[in-house]
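What follows is the residue order along each chain.
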Amino acid sequence: MELPDFWWEYDEHFKEKLPDDVKENTFVVLDTETTGFSLTKDRMLCIGALKLKGDSIVVKETFEVYIQQEHYNKESAEIHGILKKSRKNSISELDALKLFLDYAKNHVLVGHHVMFDINMINAALKRNGLPKLKNKTLDTEKLYIRTLLISSVVEQKERYTLDDLAKKFSISRKDRHTALGDAFITAIAFLRTIEKLKPQKIKDLLR
């Protein structure tokens, strides 16, 4: 199967090295809302993302797409509020992937428990005959745990939820459980976390 032009346009960005300096990088903070947790049976309902440049959220460059789907899980819909009957501005899975790849380029992808979102996107790419994402990733939970290592007096938990980080950093949870809302909370938590870690080079974050 011949890969579409938009995949090669995405692939072309990876010929460029990421800037060495953390502050010169653009980070794409993302979150997905899904019908459930199965990579084979469930589907993405929405992808929300925003960009961080320097120490700031680029408000004018937010990303949010709703995806047409037939799989419906009543229990998950109660959490994220996306109903089967709500079809306004929804697009096909392939079109959503095309838009996301154009948005993400070769930037580092950031998320809370990020591999769930990456694996859901990769599953969608596979369904559409496309290769996996090539971007580097950062998990805000893992980064937050690294800040706790600096302080041995803090008792560590086994897992830290996005709500845990929101509470720790006094971040509003008004739009919790929407893709873009969760991406916004994650972005602020990421900024607060790297303030503590003080990385100079991108390799210090990606280690």
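Structure first, text after, so check above.
Residues numbered from 1 in each chain as written. Predicted model: local features only at pLDDT ≥ 70, side-chain atom pairs only at ≥ 80, totals over all residues. Heavy atoms only, no water.

A short note on the layout of surface pockets
- Of the voids in this model, the second largest pocket is the one considered here, and its volume is about 250 Å³.
- Looking at the second largest pocket, it is lined by 14 residues, and the ones nearest its centre are V22, K23, D55, I194 and P199.
- Here the element with the most residues in the lining of the second largest pocket is helix α7 (residues 179-197); it accounts for 4 residues.
- Split into classes, the residues belonging to the lining of the second largest pocket amount to 7 nonpolar, 2 polar and 5 charged. (1 Å grid on protein atoms, 1.4 Å probe; cavity = no way out; pocket = protein on both sides within 12 Å on 5 of 7 lines; lining within 4 Å. Points joined across faces, edges and corners; volume = space filled by probe spheres on them. Helix = DSSP H or I, 4+ residues; strand = E, 2+ residues; numbered from the N terminus. Nonpolar A, V, L, I, M, F, W, Y, C, P; charged D, E, K, R; others polar.)

Description of the packing of aromatic side chains
- Applying the stated rule across the entire model yields 8 aromatic pairs.
- A centroid spacing of 5.8 Å and a plane angle of 65° characterise the contact between F63 and F100, whose relative ring orientation is edge-to-face. Of this pair, F63 sits in strand β3 (residues 56-67) while F100 sits in helix α3 (residues 93-104), and the two are 37 residues apart along the sequence. A single burial state applies to F63 and to F100, both of which are buried.
- Taken together through their ring pairs, the aromatic side chains of W7, Y10 and F14 make up a single cluster.
- Cation over ring: K51 sits above Y103, and NZ or CZ is 4.5 Å from the ring centre. (Phe/Tyr/Trp six-rings, centres within 6.5 Å; stacked < 30°, edge-to-face > 60°. Buried < 20%, exposed > 50% of the residue type's maximum accessible area, 1.4 Å probe, protein only. Lys NZ or Arg CZ within 6 Å of the ring centre and 35° of its normal.)

Re the pattern of salt bridges
- Counted according to the given criterion, the structure contains 7 salt bridges.
- For K51, the salt bridge identified is with E61, shortest N-O distance 3.7 Å. Here K51, found in strand β2 (residues 44-53), pairs with E61, found in strand β3; they are 10 residues apart in sequence, far enough to count as distant.
- E61 gets classed as partly exposed once you look at its relative accessible area, which sits at 28%.
- The shortest N-O distance in the salt bridge between R159 and E141 comes to 3.0 Å. One end of the pair, R159, is in the loop between α5 (140-150) and α6 (162-168); the other, E141, is in helix α5, and 18 residues separate them in sequence.
- Given a relative accessible area of 6%, E141 falls into the buried group.
- Residues joined in a network through salt bridges with shared partners are K51, K53 and E61. (Salt bridge = Lys/Arg side-chain N within 4 Å of Asp/Glu carboxyl O.)

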